Amino acid sequence: MPLQQWIHHWEEGAGARVLKVVAAILGFIAVAGLYNLFAYQSFSSEEAMETAQLAHNISQGDGFTTHSIRPLAVYLLKGKTEAVPDITNPPVYPFLLAGLMKVLPMHFKATQNWMYEPERWIALFNQALFFVAVVLLFRLARRLFDSRVAWLSAILFGATNLYWRFSVSGLSTLWVMVVFLAVVMCLVRIAERMEKAPIGWSALAGVLVGLGGLSRYSFAWMIVPVILFLAMGGRKPRGSCCAAAIICFVIVMGPWVARNIVLTGTPFGTAGYAVVQGTPPLEQETLERSADPRAALRRVEPFDVMDKFLANGRDIWRNDLPRLGGNWVAGFFLVGLLMPFQSPARGRIRLFLVESIILLFVVQALGRTHLTEDLPEINSENLLALLAPLTFVYGVALFYTFIDQINTISGDARSALVGVFLTLMAVPLIMLLLIGTTPEYYSSYSPMHIQRVAGLMRPEELVMSDIPGGVAWYGNRDCSWLSLDDDREFFKINGLRDVKALYLTQRTSNKAFLSQMVTDPKSWGHFFFECEAHLACEGHGEVPSGFPLTKAPSGFLPDQLLLSDRARWRLPEKK
């Protein structure tokens, strides 16, 4: 190859494109390495731990069973408390993690108080999904607009701190986002060739929405804007495309919904009760911790659900929508809604995006539970975060439209302006990488400590705890959610299967004891306080009479409390 052609090849030809791709991959790997080095934290949410322990059970050949046992699930399963099938989580993401556990050399023995090796592997898996999502967004932006918009959108997405936090959370968000972007890619193909009635792409869109629904139940609502998209475009009859999408969606979702109906009589198990959770009769975790919720459910009125929607909708409107995706570029998207497009595909995808935002706004407001209260941003109920990357594309397109209108600045000045824009959008991630985070060495979810506690129990014995996901994931033991009280509700569960140990952590001890003692003398806060009064901090002791678990080791109070049916620990020898 002549020198001039060789130079052209690497400056403007195929070689230049290869260099850009390689640079993008290396850049992403570098950011991932820095993030994992300076800002990584282990799982902090019960739902991530529940999903991981489900995957572990699947990989061990135990099927789709759970160690984290909700009293509500026991009620729906008509008293089943052993080898409990999970009726809360959809199956796809746990099966993906189970495959990962089969392939990778994961060691489930905790060696540190704040880091757990399997969680590192899961974080790397989610970061790989994050990169796939960046690539999909790049291809979408280039197909809808041009390479400039594609590169800047992809870089902005990859530099958004919110999604890096999701990558180490253990949640299915990035996987569901990959599915969503794949759905949008199908719709773009359909918008480009609607006059040909692309039934194949419509069917694929239905399959992908079904797959997303089996990854996160709330995502199944996305079939509504997909059908509207198919029904509102093209010149020929659109019925065949809509029918293909609906049929494929039902084929994918149907068997799992039927399984839940057979087991519980409800299509989505305990997840189907999310609409009434958080209403005045069923605040926080009340419903999931109830062994018989019928009386409480009868007290829920339609106006209670409406009040919940209005309260949550106001919060989402004030906080989530203005900073959609944790990035200011969403503001450009909102302004760009006033700008018309000559390309029909751009306009139709934007309309689909607006319809999706409105729909998921309603679904998120109605389906919000205690998960959002525990971790306001990093939770599976943050549905609008799934749509935010596509808003980046339209926001960046408007940004380029603005700077293209400025005829007085040179090409170098335009590049500098783009650099400033990118830096401003990436400030949260940059600051996090510069400052880093301090791991919480002693918390409710210390892997080593939980494994020590769980190691006192035999595999067939049942524990009750206020961190059931942590005991199930780190300890690999059956763990009931904490009952509503230490009296009737506790004995309902104990009557179905003997509770051999009670493990309370800072989630209970940090609550306001005085208010609980005044309002409910049978609350666990009151119980914890009463046990502190009866147990000496040094040596062993017994709890007040009437409770079946009476033995307690030293070293737990005042932050935690462990009670058992017998002294399972070895007393130190006196010198």
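What you see is a predicted model; the values in this text were computed from it and never measured.

Calculation rules
Residues numbered from 1 in each chain as written. Predicted model: local features only at pLDDT ≥ 70, side-chain atom pairs only at ≥ 80, totals over all residues. Heavy atoms only, no water. Buried < 20%, exposed > 50% of the residue type's maximum accessible area, 1.4 Å probe, protein only. Helix = DSSP H or I, 4+ residues; strand = E, 2+ residues; numbered from the N terminus. Contact = heavy atoms within 4.5 Å. Pairing = 2+ DSSP bridges. Right-handed = clockwise from strand over helix to strand, strands pointing away. Salt bridge = Lys/Arg side-chain N within 4 Å of Asp/Glu carboxyl O. Patch = residues over 30% accessible without salt bridge, like charges linked within 9 Å, V, L, I, M, F, W, Y side chains within 5 Å. Areas by Shrake-Rupley, 256 points an atom, 1.4 Å probe, with all protein chains shown as cover. Phe/Tyr/Trp six-rings, centres within 6.5 Å; stacked < 30°, edge-to-face > 60°. 1 Å grid on protein atoms, 1.4 Å probe; cavity = no way out; pocket = protein on both sides within 12 Å on 5 of 7 lines; lining within 4 Å. Points joined across faces, edges and corners; volume = space filled by probe spheres on them. Nonpolar A, V, L, I, M, F, W, Y, C, P; charged D, E, K, R; others polar. Arc of directions from axis to C-beta.

Colleague: Sorry if this is basic, but what is going on with helix 11 (residues 223-231) here?
Modeller: Restricting attention to buried positions, one finds in helix 11 the residues Ile223, Pro225, Val226, Ile227, Phe229 and Leu230. Buried positions along helix 11 lie against helix 9 (173-192), helix 10 (199-213), helix 12 (239-264) and helix 16 (344-367).

Colleague: Looking at this structure, I do not really get the pairing of strand 2 (residues 462-465). What am I missing?
Modeller: Every other side chain in a regular strand lies on the same face of the sheet, so the side chains alternate between the two faces. Burial along strand 2 is two-sided: the residues Leu462 and Met464 and Val463 and Ser465 are all buried. Where strand 2 and strand 3 (residues 479-481) come together, 3 bridges link them in parallel fashion. Considered in strand 3, the bridge of valine 463 is made with cysteine 479. For the segment spanning strand 2, helix 22 (residues 468-475) and strand 3, crossover handedness is right-handed.

Colleague: Quick question: what am I supposed to make of the pattern of salt bridges here?
Modeller: Any two side chains of opposite charge can pair, given that their charged atoms come close. Applying the stated rule across the entire model yields 17 salt bridges. Measuring nitrogen to oxygen at the nearest pair gives 2.9 Å for the salt bridge that ties arginine 148 to aspartate 404. Taken as a pair, arginine 148 in helix 7 (residues 147-158) and aspartate 404 in helix 18 (residues 384-404) lie far apart in primary sequence, 256 residues in all. Notably, a salt bridge pairs aspartate 320 with arginine 368, separated by 3.8 Å at the nearest N-O pair. Pair noted here: aspartate 320 is in helix 14 (residues 302-320) and arginine 368 is in the loop between helix 16 and helix 17 (370-374), with a separation of 48 residues, a long-range link. A single burial state applies to aspartate 320 and to arginine 368, both of which are buried. Several salt bridges converge on common partners, so that one network encompasses Arg458, Glu460, Glu461, Lys500, Asp565 and Arg568.

Colleague: Any chance you could explain unusual backbone geometry here in plain terms?
Modeller: Most peptide bonds take the trans configuration, and most residues that are not glycine carry a negative phi. Its identity as a non-glycine residue notwithstanding, lysine 78 has a phi of 60°, on the positive side. Positionally, lysine 78 belongs in the loop between helix 4 (71-76) and helix 5 (92-103). Residue lysine 78 is classed as exposed on the basis of its relative accessible area, which comes to 70%. In this structure, asparagine 476 takes a positive phi of about 55° despite not being glycine. As for its placement among the helices and strands, asparagine 476 is situated in the loop between helix 22 and strand 3.

Colleague: How do you make sense of a nonpolar patch on the surface when you look at a structure like this?
Modeller: Among the surface-exposed residues, Val420, Leu424, Val427, Ile430, Met431, Leu434 and Ile435 lie close enough to one another that they form a single nonpolar patch of about 660 Å² accessible area. Those elements giving two or more residues to the nonpolar patch turn out to be helix 19 (411-425) and helix 20 (427-435). Within the secondary structure, valine 420 is located in helix 19.

Colleague: Could you clarify how one ought to interpret the packing of aromatic side chains in this entry?
Modeller: Both the distance between ring centres and the angle between the ring planes are used here to describe each pair of aromatic rings. The tally for this structure, following the rule as stated, stands at 36 aromatic pairs. Centre to centre, the rings of phenylalanine 332 and phenylalanine 399 are 6.1 Å apart; their planes meet at 85°, and the pair counts as edge-to-face. Taken as a pair, phenylalanine 332 in helix 15 (residues 329-336) and phenylalanine 399 in helix 18 lie far apart in primary sequence, 67 residues in all. Residue classification places phenylalanine 332 among the partly exposed residues on the basis of a relative accessible area of 23%.

Colleague: Is there a simple way to think about empty space enclosed by the protein in this case?
Modeller: Left-over empty space is what a probe sized like a water molecule reveals as it rolls over the atoms. Counting across every chain of the model gives 4 cavities of 30 Å³ or more. Quantified by volume, the second largest cavity comes out at close to 70 Å³. Every residue along the wall of the second largest cavity is listed here: Ile69, Pro71, Val74, Thr81, Ala291, Leu462, Ser480 and Ile493. Taken together, the residues of the lining of the second largest cavity break down into 6 nonpolar, 2 polar and no charged.

Colleague: Could you clarify how one ought to interpret helix 15 in this entry?
Modeller: It helps to recall that an α-helix has 3.6 residues per turn; residues three or four apart then point in one direction. When helix 15 is considered as a whole, its buried residues turn out to be Val329, Ala330, Phe333 and Gly336. All buried residues of helix 15 project into a common sector of 115° when viewed along the axis, lining one side. Of the surrounding secondary structure, the elements contacted by the buried residues of helix 15 are helix 7, helix 16, helix 18 and helix 19.

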